[in-house]
Amino acid sequence: MQLSIPAELRQRYSRDRSGQRWLAALPRLVAEAVERWDLTVALPAGSGPWSGQGALVLPVDSPHGAAVLKVAYPHDEALTEPAALGLWAGHGAVALYASHTDSGTLLLERLDPLRTLAGADMDTAVQVWGGLVRKLSLPAADSPGWAGVPSLAERAEQLSDELPADWEDLGRPCERRLLEAALEVCQTRGAVGRRSSNDVLVHTDLHFGNILYRGGASGGTSGFVAIDPQAMVGEAEFAAAPMLWNRLEDLDPARPEAALRERLARLCGAAGLDTEAARAWSVLREVDNALDYTRAGRRKDAERSVWVATAIAG
């Protein structure tokens, strides 16, 4: 079928062979999904498909009603999405109608792509986010639906080995005290160091733009639900960091560091989280991000991550 691939996806995935192969396969993957699930493409005349950071998204009409077909690039973060959405079953997250593991295609309910928390005032955003964290934090279980969702504590143990070498190899892109603060988090909140386990299902990328409005819900803010979960199992406080490194322009320019710490405290209050645990995880996440951005040559993003980690560390 004829398919116009968004320029953002072409730019992001045309740099290596695996990305080029995925881009070339997109028309076939979409056509197969349309046939598999009896879909009708519902793009308005003259418009093209939507795209996220790592997926093509196409509005369709389905036997379930208005829906979207999502075709994700096959990366590790995308692999947990069907499992997490299945566990949430539409409660606090977009409903999953069908999935096809081999092709990385999902059939999801259609939300309002123009109404996200990115455009909401901060008071509303904090309260909506906190309510969703409470709703999404399902206690960990041994049932088959949880298989394959990775562990945060185990990832922290891995980072305790990786961060020092990466920091040296990349030219020490942040102060040593930040690296040491991150390593302390690995030791105290990793699988070996922590004293108790309150593991839940965590949406690790729950930021303003990944919370969309479900138009069929009742009025007010009750219709907001999460999309694009990069799911892991661990402490709910891990979810706070993306709300800190986004919308930095909303901070009080006269006291941005203090304002960011206050935002963290407000988020934790709305979600019922432990502020110190959220602070610790956020420092670790931003130090790790700074190293990743440095490795990718994204200097400004690395500088932002270092600033956030420094502000949160105090």
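Residues numbered from 1 in each chain as written. Predicted model: local features only at pLDDT ≥ 70, side-chain atom pairs only at ≥ 80, totals over all residues. Heavy atoms only, no water.

**Brief notes about the sheet that holds strand β9 (residues 211-213)**
- The three strands lie next to each other as β7-β9-β10, forming an open sheet whose pairing is antiparallel. In this open sheet, the two edge strands, each paired with only one partner strand, are β7 (112-116) and β10 (224-226). Each strand of the sheet is rotated relative to its neighbour by a mean of 55 degrees, with strand direction disregarded.
- Direction of pairing for β7 relative to β9: antiparallel, over a ladder of two bridges. Directly across from D112, in β9, lies its bridge partner Y213.
- Contacting β9 and β10, helix α5 (residues 122-136) runs over the sheet at an angle of about 55 degrees to β10. (Pairing = 2+ DSSP bridges. Helix = DSSP H or I, 4+ residues; strand = E, 2+ residues; numbered from the N terminus. Axes fitted to C-alpha atoms, helices over the stretch in contact; angles between N-to-C directions. Contact = heavy atoms within 4.5 Å.)

**Looking at the nonpolar core**
- Formed by 79 residues in total, the largest nonpolar core has its most connected members in L117, W129, L163, I211 and L284.
- With residues up to four places along the chain from it excluded, the contact list for W129 reads L117, L206, I211, A239, A240, M243, L267, A271 and L273.
- Residues W22, L39, L56 and L107 belong to the second largest nonpolar core, which totals 23 residues. (Core = buried A, V, L, I, M, F, W, Y, C linked by side-chain atoms within 4.5 Å. Buried < 20%, exposed > 50% of the residue type's maximum accessible area, 1.4 Å probe, protein only.)

**Concerning the pattern of salt bridges**
- According to the stated counting rule, one finds 18 salt bridges in the structure shown.
- For R28, the salt bridge identified is with E32, shortest N-O distance 3.4 Å. Separated by four residues within a single helix, R28 and E32 lie in helix α2 (residues 17-36), roughly one turn from each other.
- Classification of R28 by relative accessible area gives partly exposed; the value is 47%.
- Across the pair K70 and E81 runs a salt bridge whose closest N-O atoms are separated by 2.9 Å. Remark: E81 occurs in helix α4 (residues 81-88) and K70 occurs in strand β4 (residues 65-72); sequence separation between them is 11 residues. Assigned by exposure class, K70 and E81 land together as buried.
- Within this structure, K70, E81 and D228 form a network of salt bridges that share partners. (Salt bridge = Lys/Arg side-chain N within 4 Å of Asp/Glu carboxyl O.)

**Things to note about the packing of aromatic side chains**
- Under the definition given, this model contains five aromatic pairs.
- Consider the rings of Y13 and W22, whose centres lie 5.1 Å apart with planes at 70 degrees: the pair is edge-to-face.
- When the ring of F238 is compared with that of W281, the centres are 5.2 Å apart and the planes differ by 80 degrees; the resulting orientation is edge-to-face. Of this pair, F238 sits in the loop between β11 (231-234) and α8 (242-245) while W281 sits in helix α10 (residues 275-295), placing them 43 residues apart in sequence.
- The exposure class assigned to F238 is buried, which follows from its relative accessible area of 10%.
- Among the aromatic residues, those joined into a cluster by ring pairs are Y13, W22 and Y73.
- Over the ring of Y213 we find R115, and its NZ or CZ is 3.8 Å from the ring centre. (Phe/Tyr/Trp six-rings, centres within 6.5 Å; stacked < 30°, edge-to-face > 60°. Lys NZ or Arg CZ within 6 Å of the ring centre and 35° of its normal.)

**Some thoughts on the confidence of the model for the chain**
- When pLDDT is averaged across the chain, the result is 92; 96% of the residues are at 70 or more.
- Taken as a whole, residues 217-221 scores under 50 in pLDDT and shows nine contacts with residues more than four places along the chain or in a different chain. (pLDDT = per-residue confidence, 0-100.)

**Quick look at the packing of helix α7 (residues 176-189) against α10**
- Direction vectors running N to C along α7 and α10 enclose 125 degrees, while the axes themselves pass 9 Å from each other. Between α7 and α10, the angle is such that the two are oblique. Crossing of α7 against α10: the hand is left-handed. Taken together, the residues of α10 that come into contact with α7 (itself represented by L178, A181, A182, V185, C186 and R189) are A277, A280, W281, V283, L284 and V287.
- When its residues are assigned to classes, the contact of α7 with α10 shows 11 nonpolar, no polar and one charged. (Parallel < 35°, antiparallel > 145°, perpendicular 65-115°, else oblique. Left-handed = near helix turned anticlockwise from the far one by under 90°. Nonpolar A, V, L, I, M, F, W, Y, C, P; charged D, E, K, R; others polar.)

**What to know about helix α9 (residues 256-271)**
- Between the first and last C-alpha of α9 there are 22 Å, a value that for 16 residues agrees with the 22 Å anticipated at 1.5 Å per step.
- Within the sequence span of α9, burial applies to A259, L260, R263, L264, L267, C268, A270 and A271.
- In the core, the buried residues of α9 are packed alongside α5, α8, α10 and α11 (299-313). (Expected span 1.5 Å × (residues − 1).)

**Some thoughts on unusual backbone geometry**
- Residues other than glycine seldom take positive phi values, yet A89 does so here, at roughly 50 degrees.
- When you line up the elements, A89 lands in the loop between α4 and β5 (96-100).
- Its relative accessible area of 52% is what places A89 among the exposed residues.

**Considering the packing of α10 against α11**
- Interhelical geometry of α10 versus α11 gives an angle of 160 degrees and a closest axis separation of 8 Å. Put simply, α10 runs roughly antiparallel to α11. Crossing geometry of α10 relative to α11 is assigned as left-handed. Counted together, R279, S282, V283, E286, V287, N289, A290, Y293 and T294 of α10 and D301, A302, R304, S305, V306, V308, A309, I312 and A313 of α11 form the full contact between these two elements.
- Each residue belonging to the contact of α10 with α11 can be placed in one class, and the counts come to 10 nonpolar, four polar and four charged.

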